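# Tertiary structure, described
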Amino acid sequence: MKYYSTNKKAPAADLHKAVVKGLAEDRGLYMPEHIKPLPEVFFDRIDKMPFQEIAYTVADAFFGEDVDAGSLKQIVYDTLSFDCPVVKVEEDIYTLELFHGPTLAFKDVGARFMARLLRYFIRQEGKEQVNVLVATSGDTGSAVANGFLGVDGIHVYVLYPKGKVSKIQESQFTTLGKNITAIEVDGVFDDCQALVKNAFMDKELNRHMKLTSANSINVARFLPQAFYYFNAYARMKALGKADNLVVCVPSGNFGNITAALFGHRMGLPIKRFIAANNANDIFYKYLLTGKYEPKASIQTLANAMDVGDPSNFARIYDLYNGSHEKITSLISGAAYTDEQIREAMMKGYLSTGYILDPHGACGYRALKEALEEGETGVFCETAHPAKFKETVEAATGAEVEVPARLAEFMKGTKQSVPMTKDFEDFKQFLMTYASCHG
Ligand SMILES: *Cc1c(COP(=O)(O)O)cnc(C)c1O
């Protein structure tokens, strides 16, 4: 399968190149040339299939031409070593719990898949070390670092905004050592993202070392996220609740919801989608006005969604040929202040007993406000509430238990490299540091 750039000025790439390069030469995002509809028989029996088998069917539609069946199956089954269950929260409202992976957030799925696919390609061609650069507003860093930890031939650099991620999040990528280097940038998430994007564009740096991105712009990270939407549909179908399904996704860089929209294009019978935002309401404003106006990001309680210029908007725009009408007929939006997020956590807990994290709280609230008669809603719970323990406990009055695998990270020692937001500093660092950590 070929992948074209959303900017249409770079040559099409094969999967290997799209995964290793991450971003196309013209700074566009790669899109698969074909999105194959899955056959009706698949949807007829999907409720009887296990998660991994559903996921393999979806993976095969995208990657089957480029990865042999045995290897692809192995990659999918290894990636999904944990479940993504659908849990009832109240009448007609269900949550798709995406926090059962190693770092307790949905990004584990994409990160684990990408690490395994990249290893598959590196093994094919041998020798040269690949350096993964990843900018994180919180959870990407931990998912990618843990997904790649100890994988031969790959070194990971995690760039994160100083003082803007929680202690627990920070511990998940600064305590690992081995092939993971954490870089603490004196700036905001967008500065981290800009450093990464500039690194890919810098000819000298790219001659010096092989760079790749693991942000949600990478096709190997965002596409596998479609797996759990198919599975959610299957589980809802088994309950007899799949007829008028509304899916609500708490969104930041919009990779997760884009994967759901790809699923929809493949025939997944979801009636409509809701993108729930925090105060970073660029997409919400786009839906209302038809104008996409990126802004500097604002810090909020749902910090993994603090994105002022969501990269994957380019993919959504491309998927619907830039038609505001098509986009708004399928996707609606919502945007919440911190106060409203706290209120959603509190009300959700008091009326249902379910403990939401600040991101899931946006999803729950948006779904509850938009759900119509006869519809059933599923919102993504994108992180475990324990990752935002203080915030959640203050809002709900409930005690949040910390799962053992999360507590384990907190015991490690923080190791990180301080960095300015000036690209020249970052480049200098990579040129020297990478030479001695090759
Ligand atoms: C990354 C993240 C989001 C936003 O996902 P996008 O794919 O960037 O839209 C939402 N919630 C949590 C907990 C996250 O880590």
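Now for a description of the structure that goes with this document. All residue numbers here refer to positions counted from 1 along the written sequence of the relevant chain. Residues qualify for local features only when their pLDDT is at least 70, as the model is predicted, and side-chain atom pairs are given and counted only at 80 or more; totals for whole chains, interfaces and linings, by contrast, use all residues. Heavy atoms throughout the structure, all of them, feed into the side-chain values; hydrogens and water do not.

This part is about the site of the ligand. What makes a residue near a molecule or strand is one non-hydrogen atom of that residue sitting within 4 Å of it. Contacts to the ligand come from 15 residues, most closely from Lys-107, Gly-252, Asn-253, Phe-254 and Thr-382. Within the contact set of the ligand, an oxygen atom lies 2.8 Å away from a backbone nitrogen or oxygen of Phe-254. One of the side-chain nitrogen or oxygen atoms of Thr-382 is found 2.7 Å away from a nitrogen atom of the ligand. The nonpolar class holds Ala, Val, Leu, Ile, Met, Phe, Trp, Tyr, Cys and Pro. Asp, Glu, Lys and Arg form the charged class, and all remaining residues, Gly among them, are polar. Class assignment for the residues of the shell around the ligand results in six nonpolar, seven polar and two charged. Polar contact is the term for a pair of N or O atoms within 3.5 Å; when the atoms are in protein, one must be able to donate a hydrogen and the other to accept it, and sequence-neighboring residues count only if both atoms are side-chain atoms.

What follows covers the pattern of salt bridges. In what follows, salt bridge is the name for a side-chain nitrogen of Lys or Arg lying within 4 Å of a carboxyl oxygen of Asp or Glu. Inspection of every chain in the model, using the stated rule, returns 23 salt bridges. In this structure, the salt-bridge partner of Glu-90 is Lys-368, at a minimum N-O distance of 2.6 Å. Here the residue Glu-90 occupies a position in strand β4 (residues 86–90), and Lys-368 occupies one in helix α17 (residues 358–370), the gap between them amounting to 278 residues. A salt bridge links Arg-365 to Glu-343, with the shortest nitrogen-to-oxygen separation between them at 2.9 Å. With Arg-365 in helix α17 and Glu-343 in helix α16 (residues 338–352), this pair connects stretches of sequence that are 22 residues apart. Residue classification places Arg-365 among the buried residues on the basis of a relative accessible area of 15%. By relative accessible area, which is 29% here, Glu-343 ends up partly exposed. Each of Lys-167, Glu-170, Glu-184 and Lys-414 takes part in a single network of salt bridges with overlapping partners. Only DSSP runs of H or I covering at least 4 residues are called helices, and only runs of E covering at least 2 are called strands; the numbering of each starts at the N terminus. Under the scheme applied here, a residue whose accessible area is under 20% of the maximum for its type counts as buried, over 50% as exposed, and between as partly exposed, the area being computed with a 1.4 Å probe on protein chains only.

Looking now at the environment of Asn-146. Tracing the sequence through the fold places Asn-146 in helix α6 (residues 139–148). Setting aside residues up to four positions removed in sequence, Asn-146 forms contacts with Thr-103, Gln-172, Leu-176 and Phe-409. Within the structure, the side chain of Asn-146 is placed 2.7 Å from the backbone oxygen of Ser-142, a separation counted as a polar contact. In this analysis, two residues are considered to be in contact whenever any of their non-hydrogen atoms come within 4.5 Å of each other.

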